[in-house]
Structure formats: C-alpha cells, structure tokens
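Structure assessment
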Amino acid sequence: MTIDRTLPNGGSIPLDSTPDLAAPEFRRRVLEGVTNGARIAALFGCPEGDSVRLFSILAWEDTGLLSVLSTTVKDRYPSLTPDCPQAHLFERELAEQWRITPEGHPWLKPVRFQTPMRGKSNEPLPTQCGVADFFQMTGEEVHEVAVGPVHAGIIEPGHFRFQCHGETVHHLEISLGYQHRGIEKALAGGPDKRTLHYMETLAGDTTIGHTTAYCRTIEALTKSRVPARAQVVRGIALELERIANHIGDLGALAGDIGFLPTMSYCGRIRGDVLNLTALLCGNRFGRRLIEPGGTGYDLTEDSLAQLRDRLKTAITDAEQAISLLWKTPSVLARFEGAGPISRKTAEEIGLVGVSARACGLERDVRRDFPYGIFQMAHIPIVTWHTGDVFARAFVRWLEIERSAMFILDQLESLPARPPAAPFTRQMSSRHLALALVEGWRGEICHVAVTNEAGRFACYKIVDPSFHNWFGLALALREQQISDFPLCNKSFNLSYCGHDL
Amino acid sequence: MKTLLLHAFMLFSGLIAAPFLLGVINRTKALFAGRKGAPLFQLYFDMAKLLRKGVTYSRTTTWIFRAAPVIGLSAVMTAMTLMPLARMSAPLSFPGDLVLFAYCLGLMRFVTVLAALDTGSSFEGMGASREVQFSALAEPVLIIAIAALVCAAGSPSLTAIFAAMTRATWQALGPALVLIVAALLVIFLVENARIPVDDPNTHLELTMIHEVMVLDYSGPDLAFILYAASLKLWVLGTLIVNIAISFLDLHGFFTPLAFTAGMLVLAVLVGIIESIMARLSLLKVPRLLMGALVLAVLAFAFIARFTS
Amino acid sequence: MIGVELALLILIAGAFLCLATLGRPAWARVVGPTVAVLGCAAGLIPSATVLIGAAPISLRLPWLIPLGSLSLEMDALSAVFAVPILLITALAAVYGAEYLRPYEGKKETSASWFFFNMLTASMLLVVLARNALLFLLAWEIMSLASFFLVMFEHEKESVQRAGWVYLIATHIGTAFILVLFVLLGRQSGTLDFVGFSLTQAAPALAATIFILATIGFGTKAGFIPVHVWLPEAHPAAPSHVSAVMSGVMIKTGVYGLVRVLTFLGTPPYWFGWTLVGVGAVSGILGVLFALAQHDLKRLLAYSSVENIGIIALGLGIGLLGVSCDSPIMATLGFAGALLHVINHAIFKSLLFLGAGSVLHACGTRDMNRLGGLLRRMRVTGLIILVGSAAICGLPPLNGFVSEFMIYFGALTGLATTPDGAMGGAGRRPHRRNGLTRTDRGFGRGLLHQGIRHGLPRRTAQRPYHPRARGGARHASAHGHSGSTVCRHRSLRSAPFASHSACCIGRGGHVIGCCSKYGVDRSRAVDARFNRSRSSGPGDTPRVLACPSAEGPECEHDRHVGLRLRRAIASHAVQRFLLRGSRHAHVQGIPADKLPSYAAIRTLPRVGILRKPHTRCASR
Amino acid sequence: MIEILKVRLKQGCRTMSYPAGPAPEMPPHFTGRPVIHPESCGEDCRECIEVCPSDAISVTGSEVRIDTGRCIFCAKCRQVCPEQIIDFSPDFRLAAARREDLVLGSGDDPVPSASSAVAKKLFGRSLKLRQVSAGGCNACEADTNVLNTLAWDLGRFGIQFVASPRHADGLLVTGPVTNHMELALKKTYEALPDPKIVIAVGACAASGGIFRTHPESSKVLADIIPVDLFIPGCPPHPATILDGLLRLVGRIDEKE
C-alpha cells in the first residue's frame, strides 16, 4: 500500500507536498484506501488555472490521521461511484459545481441546482430547482407521491418523491437545493468580515459545530494556539448544542407519533438548554461565542455556577421526560423496527454521527480524531446495534447523559483564565488545512485551500447531512409511507447545511 | 307543544355546545402537558373568523368539492335529529331510524372522500384511501354494536332503545353493555380522528388520515367542515353517554344534568387517552378495529343468549 | 295478456327481421333498436298494470310437446321482474344503436341485434313461463343469446375466454335447475307450476330442491362462490349488453329462486340462514373484490355480486321471518329484496351505460389511466356519481330505501324475536306481536304474503288483506294484525316512488349523452387526457411539485388523478386478500421516455444504489 | 399512566405568565434593541460601517443610524466604536409593521407600531399561520417552533401553525428567499384565502441579511409579496417574535 501524505485533524500541509496524481492512479488509490478501511471525508474541486484540482480527504479511523490525495482534471475523469457508493453525492456535486463529468457515474443529476462555478460547459445542467428526471417505477398499483418543497410543519424546504405501492415505499428520492444561498462561492477569496457569520448560519442549529471547525481551520493556517480555557469553553458549548438538539429531537420524535407528554416536556427542556448557551454568549444558538483564536466571551464565576445548577435541573427533567419513551409500549411499538439500516449499508454509504452509531458503527470524531479538549477528556462512545428509529433515539439519549457528565466534569476543573490569545491573521499561502468536528449530527469537515496571497482559493464545507441524506432514502425502503416523518425526524438532517 | 319546545332545545343545545367538547378535550391535554392551553371557545373563534374570510379553490376541483361541506354538515345534522338525549325522545324518531343514523354518517364520509379525490392531490387520495379502509372496518362494529343494543332493548328505534334501558337492563346485561361501550369508544376515536388512530394536531401530511382530506378547504367551507366534525363528535358521544347514564335511572331535570356531566367526562377521557398514548402505526389500526369488532360480537352474542 | 304476447311476438319476429338485414348495418341500426323498443313498450303496459294492482293475466295453450303446455302468466312477482327487464332493455337498445355504430362494417351488428332481441324475449318468457319445460327452453335461449352477445368481439382472446367461462358456468347452473324440475315434476306429477306444491312433501325433498335452486339459480344470479363467470363476461360484452346482463338478466336467477320458494312449504330456519350466509359472504367479498379491480366494468361486475348478495340477504331475512312467524320481518325482508332487484337494475344499468360512455370517450376502462373526467364529461360524470351514491345505499337515494328495509327487517327480527331469529334447535318460535302460531300452512301463507308485500307497488292506501290479491292462491285466512305491516310499508313506498322515478330519469340522461361523444371526438379527448396526465418531467415545472395544499398551481400528479379506485382500493384488499401478489405488477421504466435514464442500466453494479426492484432494471 | 402523572407532577405547569406577567429574563450578554447615544461621533470615523457584516449602519454627517432589519446583532460595532456611541439594550421589542420603522437613530425611539387593522379586526382571537422557510438557516425556524412549546404556549392566544395554506390567515416567512424558493413562496402566498398577512421573521427575511448581495437570493421578501410585520433579529429571540405577533393582532396594547 502506498503511503499517502497524511495530516492530523486540525493540521495543515503545503499544497505542493501532495502529489498531483494521474486520474486513474487517483481513482485506484482512493478505492484502495476505502477498501482498507478509510472513509471519504471530503471529495472536492479547487480551481487551478482552467482545470480543476480534485482533492480527496480520506479519514483513517484506526490511526486517527487524514490523508490527502489529489489529481488535476480538465473536464472528465473515471468515476469512483460504481465501486464506492459513498462517493456518489460528492461526484454529483463536482459535476454540478465544476462541470466535470465523472465517467460511469450511474446517477448524475443535480445536487443543489446551483449555477456552476466554472463557465465551461460539458453537459448542461438544469438550474431550476427540482426540475430533474426523477427515478420512476411504473406498473399497476405503483404510484408516486411527491412532497414539498413547502411542507406542512415548520420545516425547511426539500422535495421528496416516493414510489409507493399502497402504503409501502419502494423507493424514495430526495431532491434538495431550495436553501442554496451560495455560501461556498462567497467564501472564496476570504476571509472577510462576513466569513465568520456565514459559518454561524451554515446551519443555524449547528452554529457551534461549524464555527469551531472554521476557527480550527483558520488557526491551523495561521499556526496559532488556542488557550486551554477557550478550548474547554468550546467543548462545553459543543456539548450543550448536542444536548439541546438531541432533547429537541427526542421531543419531536414523540410528537411525530402523537405521544404528548415527552413532546411537551422536551420542547421546554430544549429551550432551557438553549438558554444555557445564551448564558455563555447572550445568544441561544451560540452566535458570537466561537472566534478564531479563542472565544468571544468568557465564563464568569456567576454564570459558571448558574450553568452547573441549571444544567443539572435540565438533565433531571429530561431524564424523567425521556424515560417515559422507553417505558411506554405504544411508543416502543412505533420506534422499534422502523426505518432500519444495516451496519453494512451504513459502512458502504459512509454514514456519520448518530445515524452511524445507531447502526453499531463506532464512529466519532471526538474519539477517532481527537482535538481540543477531547484530547484531554474522553467522552465514551455510544452505539446501538439495531439501526432503526429506536436505536437513533436511544443513542441520542445516551449521548445526552454522557455529554452532560462531560460538561459537569469540565465545569469542576476549568483552567484559569489565560492571557489573551495571540492571534495573527496572516495565513500560510498555498496550504491546505482541514478540521473535523463532531457536531451533534455527526462529522463536520471543513477544508481550506489558500492561494498565493494567503486567501481562500476554495473553502469546502461538508455537513454531516451531506453523508446522511442518502441513508434516509435507504431507510425508507419497504417501509410505510406514514412512517416517513418519523424516520426523517430520527435522522433530523439539515437542509441548509446540505444546500449551503 | 312541550315536546316540540323540548326537541328544539335539545337540537340547539347540541348545535351550540358541540364545538365546546373539542375545547374541553384540548384543555385536558393542555393540563396533562403542563401548559395553559388554547381557550375553551377557540373553535368558536376560529369558525367566526373563517366565516368572514374568503375562499381559494384549486383549479383542479369541481362542484363536488364545493358541495361536499354543505352535504356533510346536513348529513350529520340529520343524524343529530335522530339521536335522543338520554331518555328524552329524539326530534325525529321512527322504527329503524338507527339504520338511517349509520347511513347519514356514511353519507358524510362519502362526500368527504369524494371531495378529497376531487382535488386530484396525491395526499388527499392517500388520506381518502386510509379513511375508507378504516371506516370499512369501523362500520361493521357500529352496526353490530347497535344491533346488540336493539337486541337488548327489544326495539329497533334509538329513542325506544334508550327509553327502555334502565338499571335493570344493566343488572341483567351489564358485562355486555360494558363491551358495547368499549367498542363504541374505539369507534368514537376512529371516526373522530383522535389518537391512537389519527393525530388531530399533526402537521405531517404523510401520516394524516382525516386532516389530509380537508387540506384544500378554506374560509366558510372549512368552517362548515370543522363544525360538522364537532357535531360528529357530539352525536357519537351522545350515543356512548346515553348508554352509560342509563345506569343511573334518572328522571326529569336530572337527566340533562347527568347527560351534560357524561359528555364532559367523555371529553376529558378522550383528552386523557390522547395524553398517555402514542399513535398507532397505520398498519396496526385494523387490529384495533378488529378488537373492537370482537368486543361488539361478544356483546351481541351475550345479549342474544340472555334475552331469550 | 294480449300485450305480453304481442311483446313476445314483436321481439321474436323482430329478431329474425334483424337477421334479414345481415350485411346492411345501417338497416340493422334502425330495425334492431326499433323492434326492441316497440316490443318492450308493448310488454311494459300490461306488466305495469299488473304491478300497480290489476289482476294477474294468464294464457294457457295446449302444446304439441308431451308434458308441456304453453302456459304463461303475468302475476305480481313476474311483473316485478318484467318491468325492469323491459324498461332497461329498451333504454339499452337506444344506447346500443349509437354504441355499435363504430363497429359497423367491421362486425356483424345485425347478428348482435338478433341476439339482443332474442335475449329480451327469452328473459320475458322466463319470468312468464308457468311450465317447467317452457321455462327451461326460455332459460336456454337466454343463456345462448347472451353468450353470443358476449362473444361480440370474438377475435379478442380475453373475450373468447370470458365467453366460454360463461357458457360452461351457465350450463352447470342449468343442469342443477333441470334436476330440480325433474324432482318437482316427479313429486307432483305435472310440469306445470300451478301443480307444484310441496306442502305435504318430505322435508328432505324440500331441502334438496332448495339447495338445487340456490346453486342453479345462484349461478345465474352470481352468488359467491358460483359467481366466476360474472366478472369475466360483463366487461367483455358491449356496454349496453353488460347493462342488460348485469342489470336484469342475472335477476332472472333471483326470480327463479323466489319462484321455487313459493313451491316449498314453511321453510325451516336453515333455509333463511343459508341465504343470509350466502348473501353476507357475497355482499362482503363482492365489495372487497370490487375494490381490487382496475377495470371499470369488472369493478361494476363485482359490485353486482355484492348487490345480489344484499338481495339474497333480504330473501334470507324474509325466510327467517316466515320461519319464526314474524310478518314484519318477512315483509321487510322480501320487500327489501324485491325492491333492491328493481333498484339495482336501475342504477347498475345506469353505471354500465355510463362506463360505456367513458370507454367510448377515453378508449380505456383502466381506472389507473382515468382521472379528472368530471371536468370534461360533466353529464356522464354527474350521472355516474348519482349512480355510485345510490349503489352505496346512501340516503336519500333509492339504494338506501331497499337496503334500509332489509337491515330494518333484520333489526326488527332481533328486537322482536331474538331467540327465534337465532333459530336454536328445538326452540319454539316466540309469540310476540300478538300473533297466533298456527299450523305449517300459516307459514306458507306468510311466505306468499311476505313476497307479495315485498312487491313494491303495494302501498299504504291499500290496507293489508290477503284476499285482496286475486293471485294469492295460497293466501291464508288467518287473521292477524296488519297494522304494523302497513305502517312499515307506508314508510318505504313514498321515498321509493320518488327516487326510482328520479333515477329512471337520470338513466335516460345517460342515453341522451352517449351520442355526444362520437368516435372522432373521443380520440381528441383521449389525447388531451393522456397529455395532461403523463406530462413528463420536462414540461411541468417541478418547482410546483408542492403538495396540493400549496396552491392553485399544485401539481396534478401524473400518477394520481381522480382515481376513485386507487384510493379506495389498494389497501384493505391487498393487505387482506392479495398479499402474495403485491409485487407482481411492477413493470419496467419506459427508457425511451426518460432518455437520460439510460445510465440507470448500469446501476446494479453499484450495490447500494440499486433500484428497489431488479424487475425494473431487467426491462 | 401513573408514571406519566408522576412526571407531570414533577414537571409542573411551565407556561410563562408573559404578557400578563413579567417578561422572561434575557441572558446577560443579550443584544436587543440598539441604543445610539446622541453624542456625535468623529467625522471621519467609519469603523462601525467597515466592521458591520450586513451593512446595517449608515452615518449621515454625524448621525448614526442602524437598520435593525439588516442588523444581525453581532455587536461588532459596539466593540470598535471609539466614542462608545453604539450600545445594545436588553429590550427585545423590535418588531415593526413598516420597514422604515426598523431604521433606528439616536434619540428616544419609541417602540414602533406593529399592529395591523385587518389583523386586529379578524385575527384577534384566532390567527392561523403557515410557515415558509425560504433559505433560512433553521435558527429562525427553531425559535419560531419554540413558541409552540409549553413554556411559551402560543396556542393560548389563539395563534396556531397549520398544515395547509388554505387554512392559514398569514404566512410566516424566514430566510433570505433564495431564487429556488421564490416561486414556491409566491404559490403558497396565492393559496392563502383573503384577507391574508405576511410576517417576516429574522434579518434575512426582512432584508436578505448577510446574503443580501448574493446572486442566489436576488430578491427580498418584501419585493415579492407585501409584508405586514417585520421581526428583526438573527435569529430573533422567541420573546421578540411573540411580542411582534401579539402586537400585530392587538393582544398587547401598543401604548404600554
């Protein structure tokens, strides 16, 4: 096996140290890596002259290192997807963003219906959102149900097409892109005064996760160090975000099956936990909290004490409310067996986060690629083997417990306030930096490539939802269409994080 | 003249009080959730507002869509005139009126389903399909339960049935009547789209049954539909409460009092059920209905055995 | 009797006249329907007179065949069946004139009209015949004529199959009927109906005859499980023939059964229970099978099975009423059943003719491909809607009235004679309603009264009096209170009159509208429908693919139109009945329609991206 | 059932008494209504304008004005202002019926009017809303959803989110309206029966926020459909949204 150029999570390497492989060699090496246990964390293009340089970031969970492979293509290259399903959405994205044709890709259609970032055209792509060839089954009794983009609840827009036979779904096709705001394009040439705010609004509910990843990328490029106390506060904020969203998800799951007690209580408790984040920085989603080099606000003694007490109460309340789920037979009857994904499938399509852990995959950035405070304090990884809605709910609950314990531990031993962090804005030129963060949905991957001027030549964001949407489509196969909202909520993927 | 006044009073009290029941159900749920909850008279406010609003019709719809709310409402109102309040005779009563009662509810469903199909939307078609599937199973339960009542009371008219049912009937046929009430309670939940069969609060169009069929209605049409739904709740509730309070053997002034209390208890009971149960998977609803069918058949067999 | 004979003569002579127009389709188009209408009009007058209370008319001529005599009689029971036969056939003939026009030159329409008129004549003869041999002769002509009518499009394999299934099924039924009459004839020494009487006969023989009649006539009527020919033959036949077959011809089976019942003595409980059972099974399974159909006419055929079940249920309840001495139950049961015979004839023929118009306009009976027709075929749509509501038994239409009577009869039975209705072995019928239980003769009388009371025309203004009917040969003189009977009768008659009139009027509309959709026009309509329904991904902006609730522009999804059947059907039935074959119908992707999907063929290589059904990919 | 009752007893009734009682307490670093001190600032100082990510600040002469419709409340301007003119108060009442009322200058600005005559007349006791997310980041949606939880209990005011635009009296729009959502938004609006109102929640819906200049969201909500109420914030605090809704339908007296 060839040794690739590797770097740790939160590291940076000069661009020229990654060999520019020939396309077939690139393909071979990526496939070899995937066969040997690596996972594609990102696969993206970066403009170089009138060609596009493809980077593939492989995450090696056993060594905790990330390897970078690259190749330069003009307009076509042999597709990875036929032998490596987890690449399929990345390659569709490449085709759409850069007008590169992955030859042999079986499913080449738009991801977000965005306008290409490169003028040259090989194959015209439709830009009106939702106008595409959808997979279709025909035959007697087979019918199609199309949902969205506007849904009946307070949900983000997305389009879903079900090929059904009665109540049974044979195939679900998900078409997104309605939330596409062109963030990646706007990031090129940065950072500027808006960059941090783009990160905060990539996915509003993952503000901490995405800003942490961004800040770590910048810190890697500027080679600056983050004071220990800031690392702890970041860790606490990340886990608070996880707790709040998981509680909210469990409440919403209860709501989807009409189980009122848990739904009502969890909605309120989630608000309480969000208010804890607001205690740190004044904003319920953690806006303004994470900044390059450290944190925007520090914890005062008073807020520390409040945080500790209120978190304890919130977790006690949550335990009461959520344990009702596991004690009520009518709830378990709905959760168990709904929307199952096998471990093998999860591995093949590269699921991340709660969805992966619910299939029994031990996959967690905080353990596999530890960074920041997680290098010091370990949060035990939680898995469940059934891969169904129950597993995704139960893993969430166990993670809430673990995270709360982690926060309470950290609050006990908060490092003393350090001197102001030295943070320089001068970024290395022609470097590639990447940071993985375990957001509450799963692995967030940010990769920055700088140009000669030390500005972003391109900035790649991979939200966990990008890996997981296809998992939802597979989970619905041979399920009842009426269980779709339940399955959807058990994944609770981000539309805006995917659409960017 | 007195009877006429009494009948008019009964009808109007039903017509006016029916939406209140939904308010009680929602308040009970709010109490269980630990929130203040919507006002008891929220549905009245909603309807008053809707009646003053305009309408939007899809271009795919035809006159069927527009006619359905009115036909549905009149059907359920007809059913109301057939239903006595406790021991007071119904405004309209003749032998066999319970067949008309069941068919009026059937007519209401027929027009609702037809209107849903008329929109040509895949959701509404799906809702219609579910509605028809479940009602096909619910109708026999209702018919058999009514048949058992006929058997018990020895008369094929609703008014006569409830006039004939006394504490003595309960003493003789208690277990069977309990079974009938249980079966009718399931039907009550199914027909009125309550948990555990349907979730009246859900916003998820793929899981709805009844709600999804009326997604396309707006303005006064929607007000009619909401009103008809509350009347249906009322009239089916009356059926259950009438059986239950016949145990008390009340006369005169106490009858309407007990009836009112009974309706409130029923509403609270529904609120409690909705607060402590998750919704069933759609595939399991037929099992629930089959269970209700078994209850009704058992009651029927019991009554047939012991009334000879 | 002169009118009825005349009708028979006109129809038979006319039929042969049609043969004379062989090769001249334009003549056939005029002669066939004219003869049918004339014949029916001639027959309608006397039948209607009998129905509204005139004395039965009979004709008895010696005949050359041994054991036989040309014995005809139009009594009230015959009239109940004769009126719809003549009425529906006449209307169907008018419809058929226009319906068959596109086939002229391609098919032998003259022959079709010959068989049509023969069918009409034979049906009339079946309900008039008072001699077993004559009855069987008419029965056979009826079977053959309808067989040839079904075989109209005999070059189609499906039609051939349907025809043969029908021919075999109907002759198996005939065999049972033959045995039945042989037994009856041997018992009573004559083949004339008037001599048939099993009052003193051994119960075993009565039982045998009852079972033979149920199977033999049930085959024609379409009781489950001997209904097999119905869903095959009805869709195969031209629509006006389907209307006649489903609306009235299968009712001759019911007629035969009722007629045979009058020969038997007081029925034991199990007669009634058997019919109730058969009726319930046919009613429930019929509707379940109907739900699973894609073919509009097949659906209607199964619906006929259901309605025949309801009729059998009514007859069963009537018999039970007789068995337990409950005149209310007997009256309501028989009245409901006979009224339903007429009602079903009206709305089923209406629906078949409506289906014919749809088929004519759209070129398909596959309901998966139909949708939104109400906007384009307003009159037909409205009429089909009314027919559908009526066939659902919804108030205030005619179907409700007859179903109401049947169910009310059942409930009355429960209310008044709970133990009697349960028919426990050895239990004596209860005495309620102040009835005096008498000998078995009473039961027999009651049967007749029940059937006669069931005849729709008997209204409240005519107080119950068994002697009032001249034809009530076996009327019982036992006095019993008729007041209850009258009260219930008054209940039904008023709505019946208005609603049946109403529905007949609407039936006429269908006929009126049939010619509105000529062939040329129908193609245009068809093309329009197809385009709007199968709009490809290209021409509907998919942004609009929000749920219908989203706005007036909501996507009229290509798979989901106004698909009555789809929505109502797929679930219950599939879940309970057709589980095994659920995936049987998944077909391939039309690759030519979706050119960019050529790439899909490589999909199976990517294990996880594989389409849900390999069957799709293999096409 | 016993278990559920036990939990219910422990959890208690948590619906806040606001608006009858005191308003919920805002967190310590909360940035609410901007306060611009009337002192004039340095002539050539444009620090605040330069640092503002959403171009919400304008300085004419020496008068500083902040457009709360654009402001994302990051408080960068407060940090950089050498004269300490700009500050953010904990006042959460930001909603206004007219877009121009969102531009705050120095002086004692009263809380702008947010009420609408038709809303008061028709929707005072029953307001059904339909939410459309048009490119939002899901934060505004989340904080709107919070209003349905038992702590805020929007239902007690007769305000509800409904599943169909046909049932709705108003649209509640979040997000900068991406090009992809424009048509769907318009169609949803058309599906509402008259009279109807539109509520823009968040800086993105009010002005496009930081995505204002993106070609992917080329139009602002108010250019597509008429807006009756603007609720600023990024995202607005639930209290801000509730206050706006209640003032819109006249459930809170504007004079207070």
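Residues numbered from 1 in each chain as written. Chains lettered and ligands numbered in written order. Predicted model: local features only at pLDDT ≥ 70, side-chain atom pairs only at ≥ 80, totals over all residues. Heavy atoms only, no water.

A look at the overall build of chain C
- In terms of helices and strands, chain C carries 22 helices and 3 strands.
- Out of the 619 residues in chain C, the part that is buried amounts to 63%.
- Taking as baseline every contact in chain C between residues at least 6 positions apart, the subset at least 24 positions apart corresponds to 77%. (Helix = DSSP H or I, 4+ residues; strand = E, 2+ residues; numbered from the N terminus. Buried < 20%, exposed > 50% of the residue type's maximum accessible area, 1.4 Å probe, protein only. Contact = heavy atoms within 4.5 Å.)

Some words on the overall build of chain A
- When you go through chain A residue by residue, the secondary structure sums to 16 helices and 18 strands.
- Counting every position in chain A, which comprises 500 residues, the buried fraction comes to 73%.
- Within chain A, contacts between residues separated by at least 24 positions form 67% of all contacts whose residues are at least 6 apart in sequence.

Quick word on the pattern of salt bridges
- Tallied over the full model, the rule gives 76 salt bridges over all chains.
- Among the ionic pairs, Arg367(A) bridges to Asp368(A), the shortest N-O distance being 3.2 Å.
- Judged by its relative accessible area of 30%, Arg367(A) falls in the partly exposed class.
- Lys156(C) is the salt-bridge partner of Glu153(C), the closest N and O atoms lying 3.1 Å from each other. (Salt bridge = Lys/Arg side-chain N within 4 Å of Asp/Glu carboxyl O.)

Let's talk about the environment of Asn283(A)
- Structurally, the position occupied by Asn283(A) is in the loop between α7 (260-281) and β13 (290-291).
- By relative accessible area, which is 7% here, Asn283(A) ends up buried.
- With residues near it in sequence (within four places) discarded, Asn283(A) still touches Thr277(A), Ala278(A), Arg288(A), Cys234(D) and Pro235(D).

With respect to the packing of helix α6 (residues 228-256) of chain A against helix α8 (residues 301-327) of chain A
Residues and elements named next belong to chain A.
- Relative to each other, α6 and α8 sit at 30°, their axes nearing to 11 Å. In terms of orientation, α6 and α8 fall into the roughly parallel class. In this structure, α6 meets α8 at a crossing whose hand is left-handed. Every residue of α8 that contacts α6 at Ile236, Leu240, Ile243, Ile247, Leu250 and Ala254 is listed here: Leu307, Leu311, Ile315, Ala318, Ile322, Leu325 and Trp326. (Axes fitted to C-alpha atoms, helices over the stretch in contact; angles between N-to-C directions. Parallel < 35°, antiparallel > 145°, perpendicular 65-115°, else oblique. Left-handed = near helix turned anticlockwise from the far one by under 90°.)

As for the interface of chain A and chain D
- Between chain A and chain D, the contact holds 61 residues from the first and 64 residues from the second.
- Looking only at chain A, the three residues that lose the most surface to chain D are Ile154(A), Arg181(A) and Arg194(A), adding up to 16% of its buried area.
- The interface formed by chain A and chain D includes 30 residue pairs in polar contact (both at pLDDT 80 or more).
- Within the residue set of the side of chain A that touches chain D, elements represented by two or more residues are α3 (183-187), α4 (195-200), α7 and α8 of chain A.
- Counted by class, the side of chain A that touches chain D contains 27 nonpolar, 18 polar and 16 charged residues. (Buried area = accessible area lost by both parts, 1.4 Å probe. Polar contact = N/O pair within 3.5 Å; in protein donor to acceptor, adjacent residues only side chain to side chain. Nonpolar A, V, L, I, M, F, W, Y, C, P; charged D, E, K, R; others polar.)

Considering the side chain of Thr201(A)
- Examined against the element boundaries, Thr201(A) turns out to sit in the loop between α4 and α5 (207-222).
- According to the relative accessible area criterion, Thr201(A) is buried, its value standing at 4%.
- One polar contact links the side chain of Thr201(A) to the main-chain carbonyl oxygen of His197(A), over a distance of 2.8 Å.
- When sequence neighbours within four positions are dropped, the list of residues in contact with Thr201(A) reads Arg181(A), Arg287(A), Cys137(D), Ile210(D), Phe211(D) and Cys234(D).

Here's the deal with the interface of chain B and chain D
- Across the boundary between the two partners, chain B contributes 32 residues, which contact 35 residues of chain D.
- When the buried surface of chain B facing chain D is broken down by residue, Arg35(B), Lys49(B) and Lys53(B) rank first, second and third, together holding 23% of it.
- Our count for the chain B to chain D interface comes out at 5 salt bridges.
- For Arg35(B), the salt bridge is made with Asp153(D), and the minimal N-O distance between the two is 3.2 Å.
- There are 21 residue pairs in polar contact (both at pLDDT 80 or more) connecting chain B and chain D.
- Elements with a contribution of two residues or more to the side of chain B that touches chain D: α1 (2-33), α2 (42-51) and α10 (254-276) of chain B.
- Here the residues of the side of chain B that touches chain D sort into 15 nonpolar, 9 polar and 8 charged.

Topic: the sheet that holds strand β11 (residues 159-165) of chain A
Residue and element names in this part refer to chain A.
- Across the sheet, 4 strands lie side by side as β10-β11-β12-β18; this open sheet has antiparallel pairing. Of all strands in the sheet, those with a lone pairing partner are β10 (142-147) and β18 (479-480), marking the two edges.
- Examined bridge by bridge, β10 and β11 share 6 bridges and lie antiparallel to one another. For Val142, the partnering residue across the bridge sits in β11 and is His165. (Pairing = 2+ DSSP bridges.)

Structural notes on the nonpolar core
- One finds Phe101(B), Ile180(B), Phe135(C) and Phe181(C) to be the most contacted residues of the largest nonpolar core, which totals 264 residues.
- It is helix α13 (residues 327-362) of chain C that provides the largest number of residues to this core, a total of 22 residues.
- If you look at the next biggest cluster of nonpolar residues, it comprises 190 residues, including Val30(A), Leu94(A), Tyr297(A) and Trp326(A). (Core = buried A, V, L, I, M, F, W, Y, C linked by side-chain atoms within 4.5 Å.)

A look at unusual backbone geometry
- Ile224(C) connects to Pro225(C) through a cis peptide bond whose omega is 10°.
- A positive phi angle is found at Asp325(C), which is not glycine, with a value near 60°.
- With respect to the secondary-structure elements, Asp325(C) resides in the loop between α12 (296-323) and α13.
- Using a relative accessible area of 11% as the deciding quantity, one classes Asp325(C) as buried.
- Positive phi is not limited to glycine here, since Asp55(D) has a value of about 50°.
- Mapped onto the elements, Asp55(D) comes out in the loop between α2 (47-51) and β2 (57-60).
- A relative accessible area of 29% means that Asp55(D) is categorised as partly exposed.

A look at the confidence of the model for chain C
Residue and element names in this part refer to chain C.
- In this model, chain C carries a mean pLDDT of 69, and residues with pLDDT of at least 70 account for 65%.
- Confidence drops under a pLDDT of 50 for residues 418-446, and excluding neighbours within four residues, the segment shows 61 contacts in the predicted structure.
- Confidence drops under a pLDDT of 50 for residues 453-619, and excluding neighbours within four residues, the segment shows 373 contacts in the predicted structure. (pLDDT = per-residue confidence, 0-100.)

Points about the sheet that holds strand β16 (residues 443-450) of chain A
Residues and elements named next belong to chain A.
- Strand order in the open sheet made by the 4 strands is β2-β15-β16-β17, with antiparallel pairing throughout. Each of the sheet's edge strands pairs with one partner strand only, and the pair in question is β2 (12-14) and β17 (456-462). Here the average twist between neighbouring strands, direction ignored, is 15°.
- Looking at chain direction, β2 and strand β15 (residues 431-438) are connected through 3 bridges and run antiparallel. Within β15, the residue paired with Pro14 across the bridge is His431.

Observations concerning the packing of aromatic side chains
- Inspection of the entire model under this criterion finds 54 aromatic pairs over all chains.
- Ring centres of Tyr371(A) and Phe374(A) lie 5.4 Å apart, and the angle between their planes is 70°; this geometry places the pair in the edge-to-face category.
- We classify Tyr371(A) as buried; its relative accessible area is 5%.
- Judged by its relative accessible area of 3%, Phe374(A) falls in the buried class.
- Aromatic pair Phe196(C) and Phe263(C): ring centres 5.1 Å apart, planes at 70°, arrangement edge-to-face. You can see Phe196(C) sitting in the loop between α6 (157-188) and α7 (203-221) and its partner Phe263(C) sitting in helix α10 (residues 251-263), a full 67 residues away along the chain.
- We classify Phe263(C) as buried; its relative accessible area is 4%.
- Taken together, the ring pairs in this structure connect Phe135(C), Trp139(C), Phe181(C), Phe193(C), Phe196(C), Phe217(C) and Phe263(C) into an aromatic cluster.
- The ring of Tyr189(D) is capped by Lys196(D), whose NZ or CZ atom sits 4.4 Å from the centre of that ring. (Phe/Tyr/Trp six-rings, centres within 6.5 Å; stacked < 30°, edge-to-face > 60°. Lys NZ or Arg CZ within 6 Å of the ring centre and 35° of its normal.)

A look at the packing of α8(A) against helix α13 (residues 389-412) of chain A
Residue and element names in this part refer to chain A.
- α13 packs onto α8 with a crossing angle of 160° between their chain directions and a minimal axis gap of 11 Å. Regarding the angle of α8 to α13, the classification is roughly antiparallel. As α8 packs across α13, the resulting crossing turns out to be left-handed. Here Leu304, Leu307, Arg308, Leu311, Lys312, Ile315, Ala318, Glu319, Ile322 and Trp326 of α8 lie close against α13, whose contacting residues are Phe390, Ala393, Phe394, Trp397, Ile400, Ala404, Ile407, Leu408, Leu411 and Glu412.
- Each residue belonging to the contact of α8 with α13 can be placed in one class, and the counts come to 16 nonpolar, no polar and 4 charged.

A closer look at the pairing of strand β12 (residues 168-175) of chain A
Residue and element names in this part refer to chain A.
- Of all 8 residues in β12, 8 are buried; the element is thus mostly enclosed.
- Across 7 bridges, the pairing between β11 and β12 is antiparallel. Counted as the bridge partner of Phe162 is Leu172 from β12.
- From the end of β11 to the start of β12, which pair antiparallel, there are 2 residues, and Gly166 there has a positive phi angle of about 65°.
- Pairing analysis gives 2 bridges linking β12 to β18, with the strands arranged antiparallel.

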